[in-house]
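# Residue-level structure breakdown
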Amino acid sequence: MNFLRGTKFEAQIRLNLKGHPVVEAFAARFDVPHERAQHVVIESVIDAMELLGSEYVMKMNRVVGRMTQLREAIHFVYERVLTGSLEDIDTEGMGQNFADLRAETRKLVDPKTWAETEGAALPPLPPLPHTPPPGVTIEPIRPPVTTEPAVPATRQRGRRRHEPQYPGARPGLADRPTRAPRKGDLIPGRGGKRWGEQIATITKEIDAEGLLWHWPDLKDDVVLHFPEYGYRVWKEHGTGAVVEELLTGPSVTKGRGLTRGEDVLFTAGDVSEAYRAAKTERAHGAASPGLGLDAPYGVAHAVRRINQWLERSGVELWARRLRDNAEPGVEYLWTTRTQKRGQTLANREYALSAVVDGQIHELYIFETSVPAGSPPSDTNVDFTLVGASPAAEVYGAPVTRKSRAAIESAAQSGTDSRHLIERVEPPKVLVEALGRTSRTTQDLAHPAVQRTGERLDNLATLLEGKEVERPGRTELVGAKLLKRAFESEDSHLIEAIDALTNVVQDLQRDITTGPADPARLARIDAVVKAFHDRAARWTDKVTAADVLALIRQLKALR
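Attention here is on the structure that accompanies the text. Only a predicted model underlies this, so the values are computations on that prediction, with no experimental measurement involved. Along each chain, numbering runs from 1 in the same order as the chain's sequence is written. In keeping with the model being predicted, local features are shown solely for residues with a pLDDT of at least 70 and side-chain atom pairs are shown and tallied solely at 80 or more, while totals for entire chains, interfaces and linings include all residues. Hydrogen atoms and water are omitted, and side-chain values are computed over all heavy atoms in the structure.

## Overview of empty space enclosed by the protein
Here a cavity means grid points, on a 1 Å grid over the protein atoms only, where a 1.4 Å probe fits yet cannot get out; a pocket means an open set of points with protein on both sides within 12 Å along at least five of seven lines; lining residues are those with an atom within 4 Å of a point. Grid points are joined across faces, edges and corners, and a volume is the space filled by probe spheres set on the points. Applying the stated criterion across every chain, the model contains two cavities of 30 Å³ or more. Size it by volume and the largest cavity reaches roughly 50 Å³. Considering the residues around the largest cavity, the lining is formed by Leu173, Arg176, Pro177, Gly230, Tyr231, Arg232, Glu245, Leu246, Leu247 and Leu333. Only DSSP runs of H or I covering at least 4 residues are called helices, and only runs of E covering at least 2 are called strands; the numbering of each starts at the N terminus. For the lining of the largest cavity, the secondary-structure elements that each account for two or more residues are strand S5 (231–235) and strand S6 (242–247). Broken down by element, the lining of the largest cavity gets its largest block of residues, three residues, from S6. Estimates place the volume of the second largest cavity at around 30 Å³. What lines the second largest cavity is simply Thr178, Ala180, Pro181, Arg182, Glu197, Val223 and Arg232. Looking at the lining of the second largest cavity residue by residue, the classes come out as three nonpolar, one polar and three charged. Any residue that is not Ala, Val, Leu, Ile, Met, Phe, Trp, Tyr, Cys, Pro, Asp, Glu, Lys or Arg is counted as polar, Gly included; the first ten are nonpolar and the last four charged.

## Details of the pattern of salt bridges
Side-chain pairing between opposite charges can occur once the charged atoms of the two side chains come close. The working definition used for a salt bridge is a side-chain nitrogen of Lys or Arg within 4 Å of a carboxyl oxygen of Asp or Glu. Enumeration over the complete set of coordinates arrives at nine salt bridges. Among the salt bridges present, the one from Glu236 reaches Arg337, with a minimum N-O distance of 2.8 Å. With Glu236 in the loop between S5 and S6 and Arg337 in strand S9 (residues 330–341), this pair connects stretches of sequence that are 101 residues apart.

## Digging into the side chain of Arg320
Relative to the assigned elements, Arg320 resides in helix H9 (residues 304–324). Note on classification: 1.4 Å probe, protein chains only; a residue is buried when its accessible area is under 20% of the maximum for its type, exposed when over 50%, partly exposed between these limits. We score Asp and Glu as negative and Lys and Arg as positive, and we do not count His or the chain ends. Look at Arg320: it is buried, it has no salt bridge, and the nearest opposite charge is Glu316 at 4.2 Å.

## Digging into the pairing of S6
Counting buried residues in S6 gives six out of six residues, a clear majority hidden from the surface. Both faces of S6 are covered, namely the face carrying Val242, Glu244 and Leu246 and the face carrying Val243, Glu245 and Leu247. Here S5 runs beside S6; their pairing, made up of five bridges, is antiparallel. Bridge assignment links Tyr231 to a residue of S6, and that residue is Leu246. By the convention used here, strands pair only if DSSP detects at least 2 bridges between them. The hairpin formed by S5 and S6 contains six residues between the paired strands, and Gly238 there has a positive phi angle of roughly 95 degrees.

## Details of H9
Residues spaced three or four apart along an α-helix point in a common direction, a consequence of the helix completing one turn every 3.6 residues. Multiply 1.5 Å by the residue count of a helix minus one, and that product is the helix's expected span. End to end, H9 covers just 25 Å across 21 residues, shorter than the expected 30 Å (1.5 Å per residue, more than 12% under). Among the 21 residues that make up H9, 15 are buried, leaving the element largely enclosed by the rest of the structure.

## Comments concerning the packing of aromatic side chains
For Phe, Tyr and Trp, where Trp contributes only its six-membered ring, two rings pair if their centres lie within 6.5 Å, and the inter-plane angle classes them as stacked under 30 degrees, edge-to-face over 60, or tilted in between. Here the structure, examined in full by the defined rule, presents nine aromatic pairs. Consider the rings of Trp334 and Tyr350, whose centres lie 6.0 Å apart with planes at 20 degrees: the pair is stacked. With Trp334 in strand S9 and Tyr350 in strand S10 (residues 344–356), this pair connects stretches of sequence that are 16 residues apart. The exposure classification of Trp334 matches that of Tyr350, with both residues buried. Here the aromatic rings of Tyr364 and Phe366 are separated by 6.2 Å at their centres, their planes lie at 25 degrees, and the arrangement is stacked. No difference in accessibility class separates Tyr364 from Phe366, as the two residues are buried. Among the aromatic residues, those joined into a cluster by ring pairs are Trp215, Phe226, Tyr231 and Tyr297.

Structural measurements only, silent on function.
Laid out in structure tokens, this is it:
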């Protein structure tokens, strides 16, 4: 994330440093032209300020995160007291939590105070050595040799801290088929220039709870290849479009608190009032967490209709379903081509392909676009099917995994299995988007639709969390039930929560695309409220059986 570059302050800094005495001193000291000295000094100052901004944000994020944990612990005790559950309350721990919260609060300071405090703690820079006269050799300064005391034989060395790996790594993908430009291929329109390839890695830039990662810069004429992630990305010559190609893999959505790929862009509220009013979101390209990788290269601001409806509940949902129901020997390749106007999505192509026996079979290509010059809005999005190949009939609608298991069971018992065949079909959102069907303003504004929609949103937050926009960052909140399931390693509860999440997403699409039915919506609202209130208050009491019971109730109301 850039804290200074691209803002109005960058221009002011460049103006203030032009003609500054330090530029002249630098040029004289190193015998370089004035223009070169000025460039080096200005870029160095801006880089240093960027690093300071990054360090400040990371440290303040850690403080705020710790304060949030302490507040939750204190709130939990208050909640138990108010409900009459006075057993096993740790009064000493409560006092310590208050003391820790006060201490953490004092660490929250403005950037200027923080920089002055940090700077005062640093040792002074060594004096600049003088240039020796011609023919005189000065021995380099060597640090004094110190001898550390030997470690006693009985002392146990501390364990090395675990270094987390960026989520989504899947060894063995380096040689998978690709349609990315190959190293040495000619670049059309580039006067004989050829494509290069960089084997890329993702490294921690600052060791701060593993939350800040460094991705290589995306340069012209070079394909970045991340072999352990089945991911390639490059810039298209002439258009500047960012093309991403990902071999779909297991979801890394649960690791969003660690990855935060979308932080490459500022939040809507930090961009402008127009973005805030339109409630734009940061939409990933092919490397989206639900499909196996959280990468920053294709992220662009897009209205909710694109990010949540057309992508998450449309083309990406279809890609996830194909991945989850892939027949043996079949993998799915997910490719996007993203063009932006500034930070805003202008056009994005989506291509679904099957990889079989070392060959890529293109299935479908879709495209979404936003007219130039129009403000961010949910009403001016165009979505089309660009093409479908004959291979789509072979690999684009596989029999579902559940259906295959039922067919195998029927074959073993000798019963007729024809009625058990169920295939992966395009999500309803895609069908509606391609058919240009839409809800009327009257339906969307119906109180029952709004109330039930909010209730389902709250349940989704409890289950899988929700991204909340904070100044300069996005925070994942909620997911209490899922966190408890992972902490207790309850695999049955984890599977039940995943199933319930899918049902909730289907209901969310139903109530925003179908006709308003107040009676049905009221029943859904009552069922969801009863479960949510109980699960939110007594999260540790919810079992897989409770979740499965809710699934049955909701399916009966679909």
